[in-house]
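Descriptive structure summary
The chain contents come next:
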Amino acid sequence: MMHALVQQLPDCGGVLDEELCLGLRIVTWLLGARLRVYWCRSAAVARCRGRSSTSAGGQRVGRSRERERSDSSTSPSSARPPAAADTATRPSLLVSGHQEKGDVKTKTDALKKVIIMILNGEKLPGLLMTIIRFVLPLQDHTIKKLLLVFWEIVPKTTPDGKLLQEMILVCDAYRKDLQHPNEFIRGSTLRFLCKLKEPELLEPLMPAIRACLEHRHSYVRRNAVLAIYTIYRNFENLIPDAPELIHDFLVNEKDASCKRNAFMMLIHADQDRALDYLSTCIDQVHTFGDILQLVIVELIYKVCHANPTERARFIRCIYNLLQSSSPAVKYEAAGTLVTLSSAPTAIKAAAQCYIDLIIKESDNNVKLIVLDRLIDLREHPTHERVLQDLVMDVLRVLSTPDLEVRKKTLHLALDLVSSRNVEELVIVLKKEVIKTNDVSEHEDTDKYRQLLVRTLHSCSVRFPDMAENVIPVLMEFLSDSNEAAAADVLEFVREAIQSFDKLRPIIIEKMLEVFHAIKSVKIYRGALWILGEYCSSKEDIQSVMTEVRRSLGEIPIVESEIKKETGELKIDGDVQVIPTQKLVTEMGTYATQSALSTRPSKKEEDRPPLRGFLLDGDFFVAGALATTLTKIALRYVALQQDKKKQNSFAAEAMLIMASILHFGKSSLPKKSITDDDVDRISLCLKVLSECSPLMNNIFNKECRKSLSQMLSAKLEEEKQTQKKQSEKRNVLVQADDPISFMQLMAKNEMTSKEDQFQLSLLAAMGNTQRKETSDPLTSKLSKVTQLTGFSDPVYAEAYVHVNQYDIVLDVLVVNQTSDTLQNCTLELATLGDLKLVEKPSPLTLAPHDFANIKANVKVASTENGIIFGNIVYDISGAASDRNCVVLSDIHIDIMDYIQPAVCTDAEFRQMWAEFEWENKVTVNTNITDLNEYLQHILKSTNMKCLTPEKALSGYCGFMAANLYARSIFGEDALANVSIEKPVHLGPDAPVTGHIRIRAKSQGMALSLGDKINLSQKKVKA
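Remember, predicted model here, so these are calculated numbers, not experimental data.

Focus: the overall build of the protein
When its secondary structure is counted, the protein shows 42 helices and 18 strands. Counting every position in the protein, which comprises 1021 residues, the buried fraction comes to 42%. Of all intrachain contacts in the protein linking residues separated by at least 6 positions in sequence, the fraction that spans at least 24 positions is 66%. As displayed, the protein has an accessible area near 56500 Å², and 53% of this comes from carbon and sulfur atoms.

Considering the sheet that holds strand β3 (residues 784-786)
Spatially, β3-β4-β5-β9-β7 is the arrangement adopted by the five strands of the open sheet, whose pairing is antiparallel. One side of each edge strand has no neighbouring strand; the edge strands of this open sheet are β3 and β7 (834-836). Direction aside, the axes of adjacent strands within the sheet are offset by 30° on average. In the sheet, strand β5 (residues 806-815) pairs with strand β9 (residues 850-859) via nine bridges, with the strands oriented antiparallel. Residue pairing for β9: L812 is matched across the bridge by N852.

Some remarks on the pattern of salt bridges
The final tally for this structure, using the stated rule, is 25 salt bridges. With its nearest N and O atoms 3.4 Å apart, the salt bridge here joins R216 to E183. Here E183 lies in helix α9 (residues 183-193) and R216 lies in the loop between α11 (206-212) and α12 (218-234), a separation of 33 residues in the sequence. The exposed category is assigned to R216, whose relative accessible area is 62%. On the basis of relative accessibility, which here comes to 25%, the residue E183 falls in the partly exposed class. The closest approach of N and O atoms between K670 and D616, which form a salt bridge, is 3.5 Å. Residue K670 is found in the loop between α34 (643-665) and α35 (675-690), and its partner D616 is found in the loop between α32 (609-615) and α33 (620-639); the two are separated by 54 residues along the sequence. Judged by its relative accessible area of 42%, D616 falls in the partly exposed class.

Here we look at the pairing of strand β6 (residues 821-831)
The side chains of a regular strand alternate between the sheet's two faces. The pairing of β6 with strand β8 (residues 843-845) spans two bridges and is classified as antiparallel. Its bridge partner lying in β8, C824 is registered against L843. For β6 and strand β10 (residues 865-875), the ladder comprises nine bridges, and the chain directions are antiparallel. Counterpart to L821 in the pairing with β10 is I875.

Topic: α34
Taking 1.5 Å as the rise per residue, α34 with 23 residues should run 33 Å; its terminal C-alpha atoms sit 33 Å apart, in good agreement. Along α34, the positions that sit buried rather than exposed are Q646, F649, A650, A653, I656, M657, S659, I660, L661, F663 and G664. Here α34 starts with a cap whose side-chain oxygen sits 3.1 Å from the backbone nitrogen of K644, and that cap is D642.

Description of the packing of aromatic side chains
Considering all chains together, one arrives at 11 aromatic pairs under this definition. Judged by centre distance (5.4 Å) and plane angle (75°), the rings of Y524 and F613 are edge-to-face. With a gap of 89 residues between them, Y524 in helix α29 (residues 521-534) and F613 in helix α32 connect regions that are remote in the sequence. Each member of the pair Y524 and F613 is classed as buried. Taking the centre distance of 6.2 Å and the plane angle of 45° together, the rings of F619 and F663 count as tilted. Linking F619 in the loop between α32 and α33 with F663 in helix α34, this pair joins segments that are 44 residues apart in sequence. An aromatic cluster is present here, built from F515, Y524 and F613 joined pairwise through their rings. Over the face of the ring belonging to Y229 we find R233, whose NZ or CZ atom lies 5.1 Å from the ring centre. Across the ring face of Y448, the terminal group of R406 is positioned such that the distance to the ring centre comes to 3.8 Å.

Description of the side chain of K144
Turning to its location among the elements, K144 is positioned in helix α7 (residues 141-153). With relative accessibility at 10%, the residue K144 sits in the buried group. Ignoring any residue separated from it by four or fewer positions in sequence, one finds K144 in contact with L138, Q139, D177 and I185.

Re the nonpolar core
The biggest cluster of nonpolar side chains holds 207 residues, and the ones touching the most others in it are F150, W151, L193, I209, F263 and L374. Those residues in contact with I209 that lie beyond four places of it in its chain are L178, L190, L193, A224, A227, I228 and I231. Judged by nonpolar contacts, the second largest core, of 31 residues, contains V800, C824, I867 and L887.

Details of the packing of α34 against α35
The geometry of α34 relative to α35 is characterised by a closest axis approach of 10 Å and an angle of 155° between their N-to-C directions. As summarised for this structure, α34 and α35 are arranged roughly antiparallel, according to the angle between their axes. The chirality of how α34 crosses α35 is left-handed. Across the interface between the two elements, A650, A653, M654, M657, I660, L661 and K665 of α34 pack against V678, I681, S682, C684, L685, L688 and S689 of α35. Taken together, the residues of the contact of α34 with α35 sort by class into 11 nonpolar, two polar and one charged.

Thoughts on the side chain of T628
For T628, the location among the structural elements is in helix α33. Leave out the neighbours within four places in its chain, and T628 touches L528, W529 and G532.

Digging into the pairing of strand β16 (residues 958-967)
Here three bridges tie strand β13 (residues 898-900) to β16, and the two strands are oriented antiparallel to one another. Residue pairing in the sheet places I898 in a bridge with S967 of β16. Relative to strand β17 (residues 972-980), β16 runs antiparallel, the two sharing nine bridges. Its bridge partner being in β17, N962 is matched across the sheet by N976. Between β16 and β17, which pair antiparallel and follow one another directly, the connecting turn spans four residues, one of which, G970, has a positive phi of 85°.

Observations concerning the environment of D415
Relative to the helices and strands, D415 resides in helix α23 (residues 403-416). Measuring from C-alpha to C-alpha, the distance between D415 and E384 comes to 9.2 Å, with 31 residues separating the pair along the chain. Aside from chain neighbours lying at most four places away, what touches D415 is R378 and E384.

Structural notes on the packing of helix α28 (residues 504-514) against α29
Orientation of α28 relative to α29, taken along the N-to-C sense of each, is 135°, at an axis distance of 11 Å. Between α28 and α29, the interaxial angle falls into the category oblique. Seen from above, α28 lies across α29 with left-handed handedness. Across the interface between the two elements, R504, I508, M511 and L512 of α28 pack against A527, I530, L531 and Y534 of α29. Classifying every residue of the contact of α28 with α29 gives seven nonpolar, no polar and one charged.

Overview of the confidence of the model for the protein
In this model, the protein carries a mean pLDDT of 77, and residues with pLDDT of at least 70 account for 79%. Residue range residues 1-22 is modelled with pLDDT below 50. Its contacts to residues more than four positions away, or to other chains, number 18 contacts.

Examining unusual backbone geometry
Unusually for a residue other than glycine, N823 sits at a positive phi of about 50°. Topologically, N823 is positioned in strand β6. Note on N823: relative accessible area 21%, which makes it partly exposed. Look at N942: it is not a glycine, yet its phi comes out positive at around 60°. Here N942 is to be found in the loop between α40 (930-941) and β15 (944-945). On the basis of relative accessible area, N942 is assigned to the partly exposed category, the value being 26%.

Reading the values: the criteria
- Residues numbered from 1 in each chain as written.
- Predicted model: local features only at pLDDT ≥ 70, side-chain atom pairs only at ≥ 80, totals over all residues.
- Heavy atoms only, no water.
- Helix = DSSP H or I, 4+ residues; strand = E, 2+ residues; numbered from the N terminus.
- Buried < 20%, exposed > 50% of the residue type's maximum accessible area, 1.4 Å probe, protein only.
- Contact = heavy atoms within 4.5 Å.
- Areas by Shrake-Rupley, 256 points an atom, 1.4 Å probe, with all protein chains shown as cover.
- Pairing = 2+ DSSP bridges.
- Axes fitted to C-alpha atoms, helices over the stretch in contact; angles between N-to-C directions.
- Salt bridge = Lys/Arg side-chain N within 4 Å of Asp/Glu carboxyl O.
- Expected span 1.5 Å × (residues − 1).
- Polar contact = N/O pair within 3.5 Å; in protein donor to acceptor, adjacent residues only side chain to side chain.
- Phe/Tyr/Trp six-rings, centres within 6.5 Å; stacked < 30°, edge-to-face > 60°.
- Lys NZ or Arg CZ within 6 Å of the ring centre and 35° of its normal.
- Core = buried A, V, L, I, M, F, W, Y, C linked by side-chain atoms within 4.5 Å.
- Parallel < 35°, antiparallel > 145°, perpendicular 65-115°, else oblique.
- Left-handed = near helix turned anticlockwise from the far one by under 90°.
- Nonpolar A, V, L, I, M, F, W, Y, C, P; charged D, E, K, R; others polar.
- pLDDT = per-residue confidence, 0-100.

Dropping the structure here:
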């Protein structure tokens, strides 16, 4: 009767409304469902009784089994072994018992178990009606939230694709939740409807969804907009007037989040309506919330990107958004403005906005990202001149204490400096250098001072007029306790005194002032060399000799030190006797106390610096002193006509050298003088005693000539580097290139440019699309690793995608059998500094089906890692244990993390001395040319050669070169290549030698050595 009534419902016309129809259908379904549930329970009870009644003998059991076989032969749904049927039935019966009889907490736990079982691939068809009857009517918020997850993952259709009849009851529950007085339940239900893909379920709910747009709470309204948008995108026929509806909603809406969602829908659903709305309120955009402003920026970019003629209409709006209070809006508006306009005013406004963001933002990562955008702006030739006017604004970023931010800022300022602003730049940098003296000593302070010194050095080389203002300030740092900063200053002074003749008197005068205060022996040697090389007047030479005598102390050194020793034995210090005091002890008795105190002598502290170096056994500085004394003595002899003064000066220099020789061979210093230093000082004594013109020419002319050649070669190399960089930035247009006129371009040609929003989204997801070269080895195919054999029941291969600190494994799994594989799970483990982020979820594979499984692996350091594992699965209907297919190992290449880098020679030597792990690799190759082998190693290891090309040019049978690289984790890797060509073995003999690798960590050194060993031999084509 009810079926007949329901069949006549479509003919009722307007008599019955939707709710009555739906109610009658529900009643019909409930009657049928109750009958089915009753039948299922009766069948289950009968099966249980049949198994338990063993007293009736085997005849009853046999009949029940025959009945089961006959039932299984007639019913395709029960075609499985009894063991499998029992295994599948028991958990579902257990859970259904909890759902029917338990309290709210028990039902919540049971529902969670059901969700986990379904996610693991379990099929629980009998539970659907139980949940509808006993769980769906509950009003508990936690259960309602879990139910939304359950309805999302549970199968809603029959095998032939038709909607399950039980879902009519679920649909009614959705409708009630959409009319629920609690805004959380309404909003979460609306969010859930965004994930539904069944139009039959959504169609009866459309009036309730529309009504939610007028709800008092913004949470409900904004989720209603999202639900309408997804339904319109997937099933436009269900709500064809959605753009018009949302446009009217947007006009009257006041909440920022609701307006943002509505505007976002109009952008993607009906862009013309979105533009119409924006045109009506374009003057009020600056008053909107930041989330809506971000969407407006995206819309303007997309519109102007697709149709450049619209730029004039919206560019004023972008200018206004540069003044937004939100940093995110300012950043996006500046980036959009740069892509929409190349006008100098636009570039200047965007750059100024970037600089303000860097200064005001506290997060160093944000500062570095925005600095990169400024550097990208400079790469464009037409923008560089505009940015040159903002150099002083860029230098405001130096107030940031982070060293990396300061380093990038100084590099950018140095690239933008010109003759118009170099003077202001130098003034600011000088102030910053002076500030570093007032700050308490810190590791970053010393490094920052080094950066400032190098920047001033570069400015002085490019603009020689500035050197006069810079040098006096910097030379005060020669006496700095930080040897690295002082070494940079000394290198700068050496280059300046050689290049700028008019600055030599100022430099010599300043050098003599700070000479006595120099604390580092390395800086002392360099200062001695500069004074000996460039002091050309008699007064300067006499001043140098005076400073040397002052720094050396009384000579002969041995006699003076022995006197001090004997003097210290007689008077060890001032002795002071403290008068006796009467004290009362704890026992009440009297006691006396007296003390004898001595004040140690400070004679060691008063030692002159040069004598202190010699007493410590550092006689290399004595060799430098002997060379300096020889140079100035030879020069003084040439300048002074008086023979007596000539001999007196030379004798004094020889006395100092002889005294040092005597002292070095005595037992007074901590270390004895080396044979090399003895030979050097003896040579200088012989030169002074003979004074031959040949030696005079070598000491006073050839040394300076060698320095001049080295500096000119270095300058030429820097010019070549700058020229290459400028050629990269310059846009080269060939004579026969076509000219593009915007007015004549087709619309599809205008949109051919890359969408910056899409590119940034891809970069964030790690899916940056790189241009593939013609070499197939660099394509994706080279990163595919076969994990199993073609004859295995499960074939698997993985595409390894490395994205900085993450490795994404996209594993293709193919079922090559005729069975259904259940709980097919990819089990992975790692070796090395790799960590599996999450375990891949199991899946079910139909016969000859395939699926893709993704696994994320985190990388912690630069080290060769190995990923290994297996695939386990169950065969549907089999009673055996789980099957397992072992996978081949996936080796992670260290080269994905290593990048070429540059450092100075001093930094290389310092790191070489500090790094404790060394790996020595013997050269074993079939390459016969030295240069070819070096280039092959550079290509294989991603390292950069620090040795200049001129030093490697020519052919002499051997080669030595320094290589350097840095990982994305900040780890440094050094290598020294020492190779030779054994000439006695003929022209076809391979290269021999060693490569020494040094790194801070053992893994880095070993991994790089393994990489070199694997790639030493050149593969013959």
